[in-house]
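# An overview of the molecular structure
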Amino acid sequence: MSQETTLILFKPDAVSKAMVGQVLARFEGAGLKIRGVKMLRFGDELLREHYAHIASKPFFPEVQAFMQRTPVIALALEGENVVARIRDLLGPTDSKKAAKGTIRGDLGVDVMVNVCHASDSLEAAAVELNRFFAPGEMFDY
Ligand code: ADP
């Protein structure tokens, strides 16, 4: 059974509404393992890199302002089939379309204010983990 690791970001709505603990409890309750955690401010450069795929969208400035409203918390999370399992736990990007019982369905507001970012593939996870965690900031145990 191969263990895979993905990147989660607790967005400013999760941080400012004190929802980090209950969301983390859902991840841990699902058997996912924390390999790294840190709090950081999402600087302009990092933000443009992380959201390069939406940089030309009309809603990008709004996303930028939202993501910089408070610090975010980055999590390296390990488990079997972790990308798909996180997607199931979170629900779809648009919280309004997310079923009750999912994190976004229970705690999210809309398509932008949606509690967490999660890598959408293992390839993306590798790039994104490297973006947020320096060597030595992720742990095997
Ligand atoms: P995901 O983060 O689920 O992979 P995307 O990569 O499509 O979703 O979009 C990145 C982020 O941009 C979303 O998490 C959300 O915060 C924001 N976003 C996407 N679409 C919209 C939209 N139509 N209006 C406002 N914000 C959006």
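Now for a quick tour of the structure. (Residues numbered from 1 in each chain as written. Predicted model: local features only at pLDDT ≥ 70, side-chain atom pairs only at ≥ 80, totals over all residues. Heavy atoms only, no water.)

### Section: the overall build of the protein chain
When you go through the protein chain residue by residue, the secondary structure sums to seven helices and four strands. Each helix and strand of the protein chain, ordered N terminal to C terminal, gives the series β-α-α-β-α-α-β-α-α-β-α. In terms of overall dimensions, the protein chain is globule-like: its C-alpha atoms have a radius of gyration of 14 Å, near the 14 Å expected for 141 residues. For the protein chain, the C-alpha atoms occupy an extent of roughly 40 × 35 × 25 Å along the three principal directions. In the protein chain, buried positions account for 48% of the 141 residues. Long-range pairs, those at least 24 residues apart, make up 75% of the contacts in the protein chain between residues at least 6 apart in sequence. Within the structure as shown, the protein chain displays about 7300 Å² of accessible surface, and the carbon and sulfur contribution to it stands at 55%. Charge separation in the protein chain, taken as the distance between the mean sites of 17 positive and 18 negative side-chain charges, equals 5 Å. (Helix = DSSP H or I, 4+ residues; strand = E, 2+ residues; numbered from the N terminus. Rg over C-alpha atoms; globule rule 2.2 N^0.38 Å. Buried < 20%, exposed > 50% of the residue type's maximum accessible area, 1.4 Å probe, protein only. Contact = heavy atoms within 4.5 Å. Areas by Shrake-Rupley, 256 points an atom, 1.4 Å probe, with all protein chains shown as cover. Lys, Arg positive; Asp, Glu negative; His and termini not counted. Charge placed at Lys NZ, Arg CZ, Asp CG, Glu CD.)

### Overview of the site of the ligand
Every residue close to the ligand is listed here: Lys11, Tyr51, His53, Ile54, Phe59, Val63, Thr93, Val111, Met112, Asn114 and His117. Between the ligand and the protein, one listed contact pairs an oxygen atom with a side-chain N or O atom of histidine 53 at 2.7 Å. When the ligand is considered free in solution it has 530 Å² of accessible area, and contact with the protein chains removes 74% of it. When its residues are assigned to classes, the shell around the ligand shows six nonpolar, four polar and one charged. (Near = heavy atom within 4 Å. Polar contact = N/O pair within 3.5 Å; in protein donor to acceptor, adjacent residues only side chain to side chain. Nonpolar A, V, L, I, M, F, W, Y, C, P; charged D, E, K, R; others polar.)

### As for the packing of aromatic side chains
Under the criterion given, the structure shown has three aromatic pairs. Here phenylalanine 42 and phenylalanine 132 contribute two aromatic rings whose centre-to-centre distance is 5.7 Å and whose plane-to-plane angle is 90 degrees, an arrangement assigned as edge-to-face. A residue pair is termed long-range when its members are at least 10 positions apart, and phenylalanine 42 in the loop between strand S2 (33-40) and helix H3 (44-50) and phenylalanine 132 in helix H7 (residues 122-132) qualify at 90 residues. Given the relative accessible area of 3%, phenylalanine 42 is considered buried. (Phe/Tyr/Trp six-rings, centres within 6.5 Å; stacked < 30°, edge-to-face > 60°.)

### What to know about the sheet that holds strand S4 (residues 116-118)
One open sheet accounts for four strands, arranged S2-S3-S1-S4; its pairing is antiparallel. Each edge of the sheet is formed by a strand with only one pairing partner; in this case those strands are S2 and S4. Mean inter-strand twist for the sheet, computed between neighbouring axes without regard to direction, equals 20 degrees. Here strand S1 (residues 4-10) pairs with S4 via three bridges, running antiparallel. Across the sheet, leucine 9 pairs through a bridge with histidine 117, a residue of S4. Along the sheet, helix H2 (residues 20-29) contacts S1, S2, strand S3 (72-79) and S4; its crossing angle with S1, the most-contacted strand, is approximately 165 degrees. (Pairing = 2+ DSSP bridges. Axes fitted to C-alpha atoms, helices over the stretch in contact; angles between N-to-C directions.)

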